[in-house]
Amino acid sequence: MSVVVPLKNILGQVINFVVPLIVIGFIAPSITKLGNNASRMLGVALMVAYTSSVLAALLSMGAGYAINKNLIFANPVNGGIADSSVPFPIVRKELSERNFSSPAIEKAIATFKKEVKNKELGWLFENCFPNTLDTTVFYSEKNGRPDTYVITGDIDAMWLRDSSAQVYPYLDFMSEDKKLQNLIAGVINKQVTFILKDPYANAFHDDDTKYTRWASDHTEMKPGVHERKYELDSLCYPIRLAYGYWKKSGDSSPFDAQWKKSIEVILKVCKEQQRKKDNGPYSFRRTSEWAIDAVPMGGVGYKVNPVGLICSTFRPSDDATVFPFLIPSNFFAVVSLMQASEMIRKITNDDGLADELIALSDEVRRALQEYAVVNHPQYGKIYAFEVDGFGSAYLSDDANVPNLLSLPYLGGTERHDPIYENTRKFVWSKGNSFFFKGTVAEGIGGHHIGTDMIWPMSIIMKALTSNDDKEIKYCIQTLQKTHGGTGFIHESFHKDDPKKFTRSWFAWANTLFGELLWKTFTERPHLLE
């Protein structure tokens, strides 16, 4: 965001307005007492005052420009210098400064901008869709294999969840770009090394010696671990990416013995976190003033009834769960375990491991049918957000994915599942304590940022899971008017003021918005007019 230009203009106007008043209010009366030639002297005084004001402004501007040319232009985090005199300035990084460039993605951008008449949407697509490639990926080769480290944006660490979601929309373009395919294979390889290092960690550094602010957390922190918050979805996302890569490329080279071992480790953690015998080996406590980081009962969470569901100590927002059976993540696990089973059976020919994976998937599915559904007085049967297996349930939804809204997007339910339909109505209503509606927009937020802050990701996901033209168009129009003039999508924005936002550089949200625009362009192009 540019704040220098408005401040300069405002101060200039104040000076130009105040100086003449000073002249008239204090100098003019004194001059009139002089008698002869008073009017001439008053004119000279006014001319000197105005001339000095103009010269002062010009000198200030010239000095500022000489010190830093960026001062009189917007200078977004994501890109280069933006000329504030044009409606849609260049905010994307220059080609020479981009971390990675894909001809296939550039071709898609050119096609979108050519065919879509809405110039602002063309501008947003060009900025957002390649943002992950432009700014967050670091490709190399280790031992002759692709290796890709992916940061989230403004945080120099690789989340298993974010990195998977950031590159997933590029899978459809691999057939046109071998280097892009190698980059995504590198993400899969990197995730395998991280999962084998610590499957209970959610975020990692590429350098084992790198300092992390969470080193003092009361959990088993290992070198190279940025944060050790156990989130079930963090083990599902790498499977989703691997499965999508395999299906779209036909390439099984990333799925070697190490990858198979990572699947075995994921299965082990899922069974441990069913907590049928005990709480498992993981616990987490943090010395913090934030309640969202607090895990009760000695760092393992509240007791659950071992009904077959899998515990998740934290949500995909990195906030602690109230009840450990996080329903959206369990739906995600059903799909991921099934996908892993298919890959293991067809790629490694290990029927025993494949059977274990599918058996756990079936067990979790049955438990969801029995324990995830509650009767709401207004909406009827809906899916709870969290449960404990004893009968307690937390009815809400969070903007981060997986959430209840995203279940069809991740394959957890059918779009027209009656219970999902009811749940969808509930989460997008005042019945959800984290649904916010303001003068500018409406959407879902979450505990992570707080009251009245809408996450664009929720609006994007509503559109991605909708079959209604009016609803999809409304969502896109809302996103178009809430980027705060930056040309990028943010973590959250205030329901009444999109210029009040968090995280100017959040690649997942940018790429996800690009995914929505491309999907709409290929399936419902009339909605982009």
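Described below are features of the structure shown in this document. (Residues numbered from 1 in each chain as written. Predicted model: local features only at pLDDT ≥ 70, side-chain atom pairs only at ≥ 80, totals over all residues. Heavy atoms only, no water.)

1. Things to note about the sheet that holds strand β3 (residues 158-159)
The condition is simple: Should DSSP find at least two bridges between two strands, the strands are regarded as paired. By definition, any uninterrupted DSSP run of H or I lasting at least four residues is a helix, any uninterrupted run of E lasting at least two residues is a strand, and each is numbered from the N terminus.
Spatial strand order, β3-β4-β5: 3 strands in an open sheet with antiparallel pairing. Either end of the sheet is taken by a strand with one partner, and the two such strands are β3 and β5 (225-227). Strand direction decides the pairing type here: strand β4 (residues 203-204) and β5, joined by 2 bridges, are antiparallel. Paired with Ala203 across the two strands is Glu227, which belongs to β5.

2. Concerning the pattern of salt bridges
Quick reminder of the rule: The salt bridge definition used is simple: a Lys or Arg side-chain nitrogen within 4 Å of an Asp or Glu carboxyl oxygen. Only protein chains enter the accessibility calculation, which uses a 1.4 Å probe. A residue is then buried if its area is under 20% of the maximum for its type, exposed if over 50%, and partly exposed in between.
Counting across every chain of the model gives 38 salt bridges. Between Asp217 and Arg286 there is a salt bridge whose closest N-O contact spans 2.8 Å. Placement of Asp217 in the loop between β4 and β5 and of Arg286 in the loop between α9 (257-272) and α10 (296-299) is noted, with a sequence separation of 69 residues between them. When sorted by exposure, Asp217 lands in the same class as Arg286, which is buried. Here Asp293 ties to Arg286 by a salt bridge, and the two come within 3.4 Å at their closest N and O atoms. Comparing Asp293 with Arg286, the two get one shared label, buried. Residues joined by salt bridges that share partners form a network here, namely Arg161, Asp162, Glu231, Asp233 and Asp318.

3. Quick word on helix α13 (residues 418-427)
The condition is simple: Throughout, the arc means the angular range of directions from the helix axis out to the C-beta atoms. Contacts: residue pairs with any heavy atoms within 4.5 Å of one another.
Within the span of α13, buried status applies to Ile419, Tyr420, Thr423, Arg424, Phe426 and Val427. Buried residues in α13, looked at end-on, bunch into an arc of 160 degrees, giving them a common side. Exposed residues pointing more than 90 degrees away from the buried face of α13 are listed as Pro418 and Lys425. Buried residues along α13 sit in contact with β7 (373-376), β8 (380-383), β11 (435-437), β12 (442-444), α14 (456-464) and α15 (469-480).

4. A closer look at the pairing of strand β1 (residues 137-142)
Two strands pair when backbone bridges link them, and β1 and strand β2 (residues 145-150) are joined in this way by 6 bridges, in the antiparallel orientation. The residue bridging Tyr139 from the neighbouring strand is Thr148, located in β2. A loop of 2 residues connects β1 with β2, the two strands running antiparallel in sequence, and Asn143 in this loop sits at a positive phi of about 55 degrees.

5. As for the environment of Phe88
Topologically, Phe88 is positioned in the loop between α2 (38-67) and α3 (103-115). Given a relative accessible area of 35%, Phe88 falls into the partly exposed group. Through-space distance from the C-alpha of Phe88 to that of Thr486 is 9.3 Å; in sequence the pair is 398 residues apart.

6. Section: the side chain of Thr520
For Thr520, the position within the fold is in helix α16 (residues 507-523). For Thr520, a relative accessible area of 4% gives the class buried. If we skip the residues at most four places from it in the chain, Thr520 touches Ile472, Ile476, Pro525, Leu527 and Leu528.

7. Focus: the layout of surface pockets
The condition that has to hold: Cavity and pocket criteria rest on a 1 Å grid covering protein atoms alone: a 1.4 Å probe that fits but cannot get out defines a cavity, protein on both sides within 12 Å along at least 5 of 7 lines defines an open pocket, and an atom within 4 Å of a point defines a lining residue. Grid points are joined across faces, edges and corners, and a volume is the space filled by probe spheres set on the points. Each residue is assigned to one of three groups, with Ala, Val, Leu, Ile, Met, Phe, Trp, Tyr, Cys and Pro labelled nonpolar, Asp, Glu, Lys and Arg labelled charged, and all others, Gly among them, labelled polar.
Approximately 610 Å³ is the volume attributed to the largest pocket. In terms of lining residues, the largest pocket is bounded by 25 residues, among which Ile155, Trp214, Glu227, Asp318 and His448 are the most central. Sorting the residues of the lining of the largest pocket by element identifies α6 (160-167) and β5 as the ones contributing at least two each. What the second largest pocket holds in volume is close to 490 Å³. Looking at the second largest pocket, it is lined by 25 residues, and the ones nearest its centre are Tyr168, Asp172, Arg240, Tyr409 and Glu515. At the level of secondary structure, the elements contributing two or more residues to the lining of the second largest pocket comprise α8 (232-249), α11 (327-348) and α16. Each residue belonging to the lining of the second largest pocket can be placed in one class, and the counts come to 13 nonpolar, 5 polar and 7 charged.

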